Amino acid sequence: MFAHGLYAVGLLVLSNIFMTLAWYGHLKMREEFSWFSALPLIGVIAFSWGLAFFEYCLQVPANRLGFKDNGGPFDIMQLKVIQEVVTLTVFTIFSILAFHTELKWNHLLAACCLIAAVYFSFKQ
């Protein structure tokens, strides 16, 4: 059961990397690649959908492996809270690396709230 949980979280991390690139990567690619900035909106949408395909190919198995009714360790609420924490963690790292976002005190406070959300979702 522990292995299922570990695999599920690992797949969620990989899934969220693709999701973040699909949702926000095009904003940076526009700056980096001239051919990409020339794409019409429908081309950018198609590119993002292509990335989102891989996100779903990882997200669905992550939820299946992690869910209690499939032999995993997490109930549905725990899976969702884990996914949200992973999403915001991946996005934070992406925004720092790609957009040089500066972390501020309110971002750190929000992270503490997420840690509390995980704690309370696992509390019996």
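In this text the structure is predicted, and so the values were computed from the model without any measurement.

**Here's the deal with the overall build of the protein chain**
Point 1. Across its full length, the protein chain holds 5 helices and 0 strands.
Point 2. Its helices and strands in sequence order give the protein chain the pattern α-α-α-α-α, from N to C terminus.
Point 3. Based on the C-alpha atoms only, the size of the protein chain along its principal axes is roughly 50 × 35 × 20 Å.
Point 4. Within the span of the protein chain, comprising 124 residues, buried residues form 29% of the whole.
Point 5. When contacts within the protein chain are restricted to residue pairs at least 6 apart in sequence, long-range pairs at least 24 apart make up 71% of them.
Point 6. Carbon and sulfur atoms make up 74% of the accessible area of the protein chain, which amounts to about 8,400 Å² in all.

**Examining the nonpolar core**
Point 1. Ranked by size, the top nonpolar core spans 10 residues in total: Ala8, Leu11, Leu12, Leu58, Ala62, Phe74, Leu79, Ile82, Val86 and Val90.
Point 2. Secondary-structure elements contributing two or more residues to this core are α1 (2-32), α3 (41-66) and α4 (76-99).
Point 3. Considering each element in turn, this core owes the most residues, 4 residues, to α4.
Point 4. Those residues in contact with Val90 that lie beyond four places of it in its chain are Val13, Asn16, Ile17 and Thr20.

**Some remarks on the confidence of the model for the protein chain**
Point 1. Chain-level pLDDT for the protein chain is 93 on average; 100% of the residues reach the 70-or-more range.
Point 2. Ranking the elements of the protein chain by mean pLDDT puts helix α2 (residues 34-37) last, at 87, and α3 first, at 95.

**Quick look at the packing of α1 against α4**
Point 1. Closest axis-to-axis distance for the α1/α4 pair is 9 Å, and the angle between their directions is 45°. The angle between the axes of α1 and α4 places the two elements in the oblique class. Of the two elements, α1 crosses α4, and the hand of that crossing is right-handed. Contacts between α1 and α4 involve Val9, Leu12, Val13, Asn16, Ile17, Met19, Thr20, Leu21, Tyr24, Gly25, Leu27 and Lys28 from the first element and Ile82, Gln83, Val86, Thr87, Val90, Phe91, Phe94, Ala98 and Phe99 from the second.
Point 2. Its residues assigned to classes, the contact of α1 with α4 shows 15 nonpolar, 5 polar and 1 charged.

**Concerning the side chain of Ser15**
Point 1. Mapped onto the secondary structure, Ser15 falls in helix α1.
Point 2. Here Ser15 falls in the buried class, since its relative accessible area comes to 0%.
Point 3. Ignoring anything within four residues of it in the chain, the contact list for Ser15 reads Glu55, Leu58 and Gln59.

**With respect to the side chain of Glu55**
Point 1. The residue Glu55 is located in helix α3 in this model.
Point 2. Comment: no salt bridge for buried Glu55; closest opposite-charge side chain is Lys80, at 8.9 Å.
Point 3. Aside from chain neighbours lying at most four places away, what touches Glu55 is Ser15, Phe18 and Met19.

Rules used in this analysis
- Residues numbered from 1 in each chain as written.
- Predicted model: local features only at pLDDT ≥ 70, side-chain atom pairs only at ≥ 80, totals over all residues.
- Heavy atoms only, no water.
- Helix = DSSP H or I, 4+ residues; strand = E, 2+ residues; numbered from the N terminus.
- Buried < 20%, exposed > 50% of the residue type's maximum accessible area, 1.4 Å probe, protein only.
- Contact = heavy atoms within 4.5 Å.
- Areas by Shrake-Rupley, 256 points an atom, 1.4 Å probe, with all protein chains shown as cover.
- Core = buried A, V, L, I, M, F, W, Y, C linked by side-chain atoms within 4.5 Å.
- pLDDT = per-residue confidence, 0-100.
- Axes fitted to C-alpha atoms, helices over the stretch in contact; angles between N-to-C directions.
- Parallel < 35°, antiparallel > 145°, perpendicular 65-115°, else oblique.
- Left-handed = near helix turned anticlockwise from the far one by under 90°.
- Nonpolar A, V, L, I, M, F, W, Y, C, P; charged D, E, K, R; others polar.
- Lys, Arg positive; Asp, Glu negative; His and termini not counted.
- Salt bridge = Lys/Arg side-chain N within 4 Å of Asp/Glu carboxyl O.

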